[in-house]
Every structure is written in structure tokens, then in C-alpha cells.
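# Tertiary structure, described
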Amino acid sequence: MNKIDLRPQRSLESTAPAASRRRTLALLGGVALAASPWCRSVTAEASMAAPASVTRFAAPEREEAVLRIDSSTDTVLFAPAIRDFQRLHPSVTVWYADRQSLDMHARALAFAAAARSGSALGRPEIAVPEDAPDLIISSSPDLQTQLANDGLAWGHQSPQTRELPEGAHWRREVFTLGADAVVMAYNPRLLPVAQVPRTRGQLLALLRQPGSPLQGRIGMYDATRSGLGYLLATQDSRFDSTASVLLAAMGEAGVRLGDHIEPLLDRLEKGELALVYNVPASYPLARMDAGASLRVVVPEDYTLLTTRVALIPTTAPHPEKARPFLDYLLSPQGQAVLARDTRLLPVRQAVAAARDGRALALPGRVGAASALSAASAEVAPGSSAWRLLSPGLGLLAYLDPLKRQRFLQAWATSVQPRK
């Protein structure tokens, strides 16, 4: 009997020879550049992203299938779901690549362009490299919707997907796995509870206060380098008429920017930052459960619910391997694991709450509204304050290249400190 090895094996990028992979991606990038004006912008930004962290979860029993996943969710947070899936499907090895959402999107466009080129040459077998993903899981529902809208996602019909409520999928091609409340995280050593802002208006007032504790100690996503950061910034501009004023105040306070939330939370934990704005709650909650002295505030004025969404790209080498895993993630068992270990709000609960305004319980917390005012999370939003960012055409408005360029120019100008 084969020895079972459940230990994940990590590497940077894939097992393909690095030089060969770089040549392949350079070729693919070149094809994509010629194919799409939108791809020109995202490919240039993705080239600045750090290499992916790739982890191999060996099949517990004799390997009969390999599933490759590109995901923007940290490997540590997603590993319990993979291991639980492997208990049901012990012959499947999973390669999990933790990538930036913009990087994943650029790769998907490049692979699609290469596939079209290979088909035109009559050699589809060489079109897409072997490390192309069978499943893409992203925290940017706008980018995932754009891929599906361009015809780059397979549909998936199953008992699990047919039971999903409207708002939890788009055309049964893009599927919401769960939602994450976007909160403010702060360090109580540097920001006393009495000064903690409960709304964006209070945050603006605190930033303008002489001797503000947030001077040089506030952080947030860099919208020019983060797909999720860009989505959250556009939605703030949509729901908050003073968003540009708040951005300018952050700029004056010397806001620290990052393309990934973890380094910002590292600085918050060390006391280099006092508050981080627009944070997916799952990340600080995971740290708090591990003992970090952090707190989160769910804004009273409105709270964005960003979603973690999955699709099977048309360039997937083995789409038939992705379907059982997608069904598992949408099943009651998979949803329970995601809520417990990834701290996502279950998709059916999030859709219902956004529709009728019911309070949501943060995963791992007791009760519903009471959970939001417990020691770890403060202030429940009003009954109509949830704003669910689910996949759909409504999110595509800001992906128009010209509109995106203008928005980012205005955003960058706003956060630039005045001289």
C-alpha cells in the first residue's frame, strides 16, 4: 500500500523549468497584448506582482487525477477546504497557486489568446502550458464577470448550482463561494475606543483633527496595483458622495498603500499603523483568533460585502476535474468548512441578508447582530447598509479601459499629499 503523504509541498511558481515558463508567459503576454486593449493595462500591472506561492497537496491515496487552482485566497486559509475535499476524493492531487487577482486575470486572458492562436495554427495541443488552472478563485468579482462575459468561462449545471439563489451566480458560469464584510481594522494600543470612527464621516473628522493619531499611521489598498483595491475604491465612489474628500484627507495624513492586505496588517500589529481602511474581515479575524491584539469596526453608514467567486476557464486542461471541487465548495459541507476556516460568510446567508437587510453574523462569532458588537467586532450596520458585490454586468462599468484610466488618475491625485 502506498504511504499517504498529507503534507503540502510548497514552491514558488510551478514545477515547470523557470526559464521555460518565463519564455512561455512572455510569448503568451505578447499574444495577449495584441489581442485586447483591456489586457494591455492589466498585463503591465501584473508583471509587477510577486511570484505565486504554489503548494502541492498530495493525493492521500494513489494519484489518479490532478487539479490546478489559481486563487487569491491565502493558502493557509484555504487548505482545510482542500484537505476536506480530498477526504471525499482521496485520489486527487491539488496544486494551489496563491496569486494576486490582477495576475490571475492577466494569465487567463493570455492563455485564452494563446489558445485562439494555437487553434488558428491547427496546433491546439501546444497552445496552453500545463500549469494553466482548471479553476480560478478570485476576490475580484468584476474581473471574473468580465472573463465570463468575454466567453472565457465554462457553464456548470449540477444539483448544487441549480439550488443557488439569484445573486449567488451569474449565468451559472461565475459562482459566489462566500462573502466577506469590508471593515476597518485598528490597533487599540494606538487608537483608544473613544476615538474609533464608526462611519466614514467620523473617519474624515478624525483625519482632520489636529494631532490626529492617524497622522502617518493609516493604511489601505493601492487601487492602482490591487484588483480588489480598485473594486472597493470604485464602489466607495458609488455609495459615498464624499469619497474623494476622504481620499484627499488620507493623502494629507500620509496614507501607506499596499497591493496585498497581509503586509498592511503586519504593520498594524507591530504598531506602525493605527488603522487600516477597507479590510476584508476574514484576515484580521484570523489574526485575532490567533491572539493578535487587533479590533475591527463594521461601518455604520454602509458595509461592502465583497465576494469570493470561482469559474472554470475555457482554457482549463481538465475542466471535468474542477466541477466536483466546485460542487463541494457550494455544498453544505463545503460552505461550513469555508465559514469555519476561511471565515467567509456562507453564500446563501449573504445573499439573503443583502436582499432583506438582516444582520449578519461574522463566522466564528456567536449570534447575529450581537456578534458585531462583541469584543472582537464593533458596530452593526443599519438594516439597509449591506452592499453585496456579487458577480454580474453591473460591476463591468468600471472595467472600461478609458474609464478605468481616468478613475485611477483621479484616485492617485487624491491620495497624493499636497505640498
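Scroll up a little and you will see the structure.
Let me begin by describing the structure that accompanies this report. Note that the structure is a prediction, hence the values are computed from the model and not measured.

On to the overall build of the protein chain. When helices and strands are counted, the protein chain shows 16 helices and 16 strands. Counting all 419 residues of the protein chain, 58% fall into the buried class. Of all intrachain contacts in the protein chain linking residues separated by at least 6 positions in sequence, the fraction that spans at least 24 positions is 80%. In the form shown here, the protein chain has an accessible surface area of approximately 17100 Å², with 54% of it arising from carbon and sulfur atoms.

For the rest of this paragraph, the subject is the pattern of salt bridges. Charged atoms that come close allow side chains of opposite charge to pair. Throughout the structure, instances matching the rule amount to 17 salt bridges. With its nearest N and O atoms 3.6 Å apart, the salt bridge here joins Arg-56 to Glu-63. Judged by relative accessible area, Arg-56 falls into the partly exposed class, the value being 21%. With a closest N to O distance of 3.7 Å, Arg-200 and Asp-236 form a salt bridge. Here Asp-236 lies in helix α8 (residues 227-239) and Arg-200 lies in helix α7 (residues 200-208), a separation of 36 residues in the sequence. The burial state of Arg-200 is the same as that of Asp-236; both residues are buried. Several salt bridges converge on common partners, so that one network encompasses Asp-70, Arg-99, Asp-103 and Arg-107.

It is at 6 Å that the axes of helix α9 (residues 243-252) and helix α16 (residues 401-415) come closest, and there the two elements cross at 45°. The orientation of α9 relative to α16 falls into the category oblique. Packed against α9, whose contacting residues are Ser-244, Leu-247, Ala-248 and Gly-251, the element α16 presents Trp-411, Ser-414 and Val-415 at the interface. Grouping the amino acids of the contact of α9 with α16 by side-chain chemistry returns 4 nonpolar, 3 polar and no charged.

Bringing the pairing of strand β11 (residues 275-280) into the picture now. It is a general feature of regular strands that their side chains alternate between the two faces of the sheet. Summarising burial for β11: 6 of the 6 residues are buried, a large majority. Where strand β8 (residues 174-186) and β11 come together, 4 bridges link them in antiparallel fashion. Looking across to β11, one finds that Val-182 is bridged to Pro-280. Two strands pair when backbone bridges link them, and strand β9 (residues 218-221) and β11 are joined in this way by 2 bridges, in the parallel orientation. In the sheet register, Ile-218 faces β11, and the bridge partner there is Leu-275.

The subject of this paragraph is the side chain of Thr-342. Inspection of the secondary structure puts Thr-342 in helix α13 (residues 332-342). For Thr-342, a relative accessible area of 2% puts it in the buried group. Once residues within four sequence positions are removed from consideration, Thr-342 is found in contact with Thr-73, Leu-77, Phe-78, Ser-282, Arg-308 and Val-337.

Turning next to helix α5 (residues 141-149). Taken across its 9 residues, α5 has 8 buried, putting it largely inside the fold. What α5 keeps buried is the set Pro-141, Asp-142, Leu-143, Gln-144, Thr-145, Gln-146, Leu-147 and Ala-148. Looking one or two residues beyond α5, the residue adopting positive phi is Gly-151, at roughly 80°.

Turning to the nonpolar core, a few remarks are in order. The biggest cluster of nonpolar side chains holds 34 residues, and the ones touching the most others in it are Val-183, Leu-232, Ile-261, Leu-265, Leu-268, Val-276 and Val-279. At the level of elements, β8, α8, α10 (261-270), β11, α11 (282-289), β13 (303-313) and β16 (386-389) are the ones that each hand at least two residues to this core. At 5 residues, the largest contribution of residues to this core is made by β8. For Val-183, the residues in contact, after removing those within four places along its chain, are Val-276, Tyr-277, Asn-278, Val-279, Ala-281, Val-296, Val-297, Val-298 and Pro-299. Membership of the second largest hydrophobic core comes to 33 residues, among which are Leu-143, Tyr-186, Val-196 and Met-250.

Scanning all chains against the criterion turns up 8 aromatic pairs. On the basis of an interplanar angle of 50° and a centroid distance of 5.8 Å, the ring pair of Phe-239 and Tyr-302 is categorised as tilted. In this pair, Phe-239 sits in helix α8 while Tyr-302 sits in the loop between β12 (295-297) and β13, placing the two residues 63 residues apart along the sequence. Of the residues examined, Tyr-302 reaches a relative accessible area of 4% and is grouped as buried. Among the aromatic side chains, those forming a connected cluster through ring pairs are Phe-78, Phe-85, Tyr-96, Phe-325 and Tyr-328. Just above the ring of Phe-239 sits the side chain of Arg-387; from NZ or CZ to the centre is 5.3 Å. Directly above the ring of Tyr-230 sits Arg-404, whose terminal nitrogen or CZ lies 4.9 Å from the centroid.

Thresholds applied
- Residues numbered from 1 in each chain as written.
- Predicted model: local features only at pLDDT ≥ 70, side-chain atom pairs only at ≥ 80, totals over all residues.
- Heavy atoms only, no water.
- Helix = DSSP H or I, 4+ residues; strand = E, 2+ residues; numbered from the N terminus.
- Buried < 20%, exposed > 50% of the residue type's maximum accessible area, 1.4 Å probe, protein only.
- Contact = heavy atoms within 4.5 Å.
- Areas by Shrake-Rupley, 256 points an atom, 1.4 Å probe, with all protein chains shown as cover.
- Salt bridge = Lys/Arg side-chain N within 4 Å of Asp/Glu carboxyl O.
- Axes fitted to C-alpha atoms, helices over the stretch in contact; angles between N-to-C directions.
- Parallel < 35°, antiparallel > 145°, perpendicular 65-115°, else oblique.
- Nonpolar A, V, L, I, M, F, W, Y, C, P; charged D, E, K, R; others polar.
- Pairing = 2+ DSSP bridges.
- Core = buried A, V, L, I, M, F, W, Y, C linked by side-chain atoms within 4.5 Å.
- Phe/Tyr/Trp six-rings, centres within 6.5 Å; stacked < 30°, edge-to-face > 60°.
- Lys NZ or Arg CZ within 6 Å of the ring centre and 35° of its normal.

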